Amino acid sequence: MTQISSTPTRVLVTGGAGYIGSHCCKALSRAGVVPVVYDNLSRGHADAVRWGPLVKGDMRDEAHLAQVLKDERIDAVIHFAAFAYVGESVQEPQMYYDNNVGGMIGLLGAMQQVGVKTLVFSSSCATYGVPECVPIDETMTQVPINPYGRSKLICEWMMEDAATAWGLNFVALRYFNAAGSDPEFELSERHDPETHLIPLALMAAQGTGAPLQVFGTDYPTPDGTCVRDYIHVSDLARAHVLALDALRGGAGPLKLNLGTGKGTSVQEILDAVERVTGHAVPHIDSPRRAGDPPELVANPSRAHEALGFEARWRQIDEIVGHAAPWFAEKPAEAPKVA
Ligand code: UFG
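The sections below set out a description of the structure shown in this document. Bear in mind the structure is a predicted one, so any value in this text is a computation, not a measurement.

**A closer look at the overall build of the protein**
Right, on to step 1. Helices and strands together make up the secondary structure of the protein, namely ten helices and 14 strands.
Right, on to step 2. Over its C-alpha trace the protein gives a radius of gyration of 19 Å, about what one expects of a compact globule, namely 20 Å for 338 residues.
Right, on to step 3. Here the protein holds 338 residues, and 54% of them are scored as buried.
Right, on to step 4. Taking contacts inside the protein between residues at least 6 apart in sequence as the whole, the part at least 24 apart equals 78%.
Right, on to step 5. Counting every atom, the protein has about 14000 Å² of accessible surface; 51% of that belongs to carbon and sulfur.
Right, on to step 6. A gap of 4 Å separates the mean positions of the 27 positive and 40 negative side-chain charges of the protein.

What follows is the structure in structure tokens.
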């Protein structure tokens, strides 16, 4: 990636020890930015913090955050730190509002106190709920159907209010399905528990996990299984660098979908896993999972217009291929690459 001269030199990356956050730190570093990670390590991994310092702390600790912003001479923030399991959010809603909304309260308070006014926020297509139609564009009504999606939408509202009240400038990036991992195999996807389709399908195929449950085969989609827009995590990471640069160049506030615009069904993922690993995915056709919309596909044109962003890794076999080695052993360790 080319160096972007106008980007800030020191950026606070909350949740930078997590899956998407750690990939973003690598992209920032490549662009000449020092990512200062702020993470409580409740779900992240200290060994994924490799491109700048790690400060251990909680998002709800406004005084600590303000001190870190000052001490580390931060001039912009990328905010990933949040809980992100839809199912868990339904079971434990207070936990989600406390961490995700409480975290944004702490962050905005600290940023206002110190005078840092530039923020890139990790939002989600879960804020749309069940869309009126696909592809989904940013003008569509946001009616989230679970506490996770609601917590992200509340954060978007909070940023809008902060923009009006004290001049916050922000980009909300609404991710579709983050997938794959670093093409150079320096970083992986490590969730505990793992609930996502591609890792579970890879583990089933490579004999390191149970047979995959296919949640629903009777959806109104071409093959009856759910359709999602899988976007490579390294593409997501690069979009954050572009968003930061756009804010520095005077753009914003912005709300942008991050997807490829291409839908892939669960069955098509199983086919890709078979092509990549050489093994069929042992699977069991199962009932629908509560809260799964049949089809979520982005209209990615606004991000293209605003940031010049386009996904580079567009083939599902490439995305699955970058993830595959990490799930060939259990527990996931660094894959052996030539
Ligand atoms: N699926 C299965 N079996 C599994 C796991 C998933 O069939 O064992 C299916 C799901 O039903 C869904 C698709 O695979 O149709 C993708 O499911 P994931 O769990 O991988 O991802 P989700 O689409 O549920 O969730 C992702 C992010 C969330 C985000 C959401 C937005 O993980 O953070 O997209 O819809 F909120």
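Next comes the rest of the write-up.
**Regarding the packing of aromatic side chains**
Right, on to step 1. On inspection of all chains with the given rule, the structure shows two aromatic pairs.
Right, on to step 2. Consider the rings of Phe83 and Tyr96, whose centres lie 5.5 Å apart with planes at 55°: the pair is tilted. Residue Phe83 is found in the loop between strand 4 (76–79) and helix 3 (86–91), and its partner Tyr96 is found in helix 4 (residues 93–114); the two are separated by 13 residues along the sequence. We note that Phe83, like Tyr96, is buried.
Right, on to step 3. Residues Tyr96 and Tyr148 carry aromatic rings whose centres are separated by 6.5 Å and whose planes lie at 85° to one another, so their mutual orientation is edge-to-face. A residue pair is termed long-range when its members are at least 10 positions apart, and Tyr96 in helix 4 and Tyr148 in helix 5 (residues 147–166) qualify at 52 residues. Assigned by exposure class, Tyr96 and Tyr148 land together as buried.
Right, on to step 4. Following the ring pairs from residue to residue traces out a cluster consisting of Phe83, Tyr96 and Tyr148.

**Focus on the state of the cysteines**
Right, on to step 1. Here the structure, examined in full by the defined rule, presents zero disulfides.
Right, on to step 2. Cys226 forms no disulfide, and the closest cysteine sulfur to it belongs to Cys125, at a distance of 12 Å.
Right, on to step 3. Assessed through its relative accessible area of 5%, Cys226 is described here as buried.

**Observations regarding the packing of helix 4 against helix 5**
Right, on to step 1. At a closest axis distance of 9 Å, the pairing of helix 4 and helix 5 adopts a crossing angle of 20°. Considering the angle they form, helix 4 stands roughly parallel to helix 5. As helix 4 packs across helix 5, the resulting crossing turns out to be right-handed. Across the interface between the two elements, Pro93, Tyr96, Tyr97, Asn100, Val101, Met104, Ile105, Leu108, Met111 and Gln112 from helix 4 touch Pro147, Tyr148, Arg150, Ser151, Ile154, Cys155, Met158, Met159, Ala162 and Trp166 from helix 5.
Right, on to step 2. Its residues assigned to classes, the contact of helix 4 with helix 5 shows 16 nonpolar, three polar and one charged.

**Quick look at the nonpolar core**
Right, on to step 1. The biggest cluster of nonpolar side chains holds 39 residues, and the ones touching the most others in it are Leu28, Ile78, Leu173 and Leu258.
Right, on to step 2. Only strand 1 (10–14), helix 1 (19–30), strand 4, strand 6 (169–175), helix 7 (233–248), strand 11 (254–258) and helix 9 (301–307) provide two or more residues apiece to this core.
Right, on to step 3. Looking at this core element by element, the count peaks at nine residues for helix 7.
Right, on to step 4. Counting contributing residues, this core receives three or more from each of domain 1 (10–179 + 230–258) and domain 2 (197–228 + 261–327).
Right, on to step 5. When near neighbours in sequence (up to four residues on either side) are disregarded, Leu173 contacts Val120, Phe121, Ser122, Ser123, Ser124, Ala239, His240, Ala243, Leu256 and Leu258.
Right, on to step 6. Core analysis: the second largest hydrophobic core is formed by 29 residues, Leu65, Met111, Trp166 and Ala172 among them.

Analysis parameters
- Residues numbered from 1 in each chain as written.
- Predicted model: local features only at pLDDT ≥ 70, side-chain atom pairs only at ≥ 80, totals over all residues.
- Heavy atoms only, no water.
- Helix = DSSP H or I, 4+ residues; strand = E, 2+ residues; numbered from the N terminus.
- Rg over C-alpha atoms; globule rule 2.2 N^0.38 Å.
- Buried < 20%, exposed > 50% of the residue type's maximum accessible area, 1.4 Å probe, protein only.
- Contact = heavy atoms within 4.5 Å.
- Areas by Shrake-Rupley, 256 points an atom, 1.4 Å probe, with all protein chains shown as cover.
- Lys, Arg positive; Asp, Glu negative; His and termini not counted.
- Charge placed at Lys NZ, Arg CZ, Asp CG, Glu CD.
- Phe/Tyr/Trp six-rings, centres within 6.5 Å; stacked < 30°, edge-to-face > 60°.
- Disulfide = S-S within 2.5 Å.
- Axes fitted to C-alpha atoms, helices over the stretch in contact; angles between N-to-C directions.
- Parallel < 35°, antiparallel > 145°, perpendicular 65-115°, else oblique.
- Left-handed = near helix turned anticlockwise from the far one by under 90°.
- Nonpolar A, V, L, I, M, F, W, Y, C, P; charged D, E, K, R; others polar.
- Core = buried A, V, L, I, M, F, W, Y, C linked by side-chain atoms within 4.5 Å.
- Domains from an automatic or database assignment.

From the geometry alone we can't say anything about function, so treat these as descriptive.
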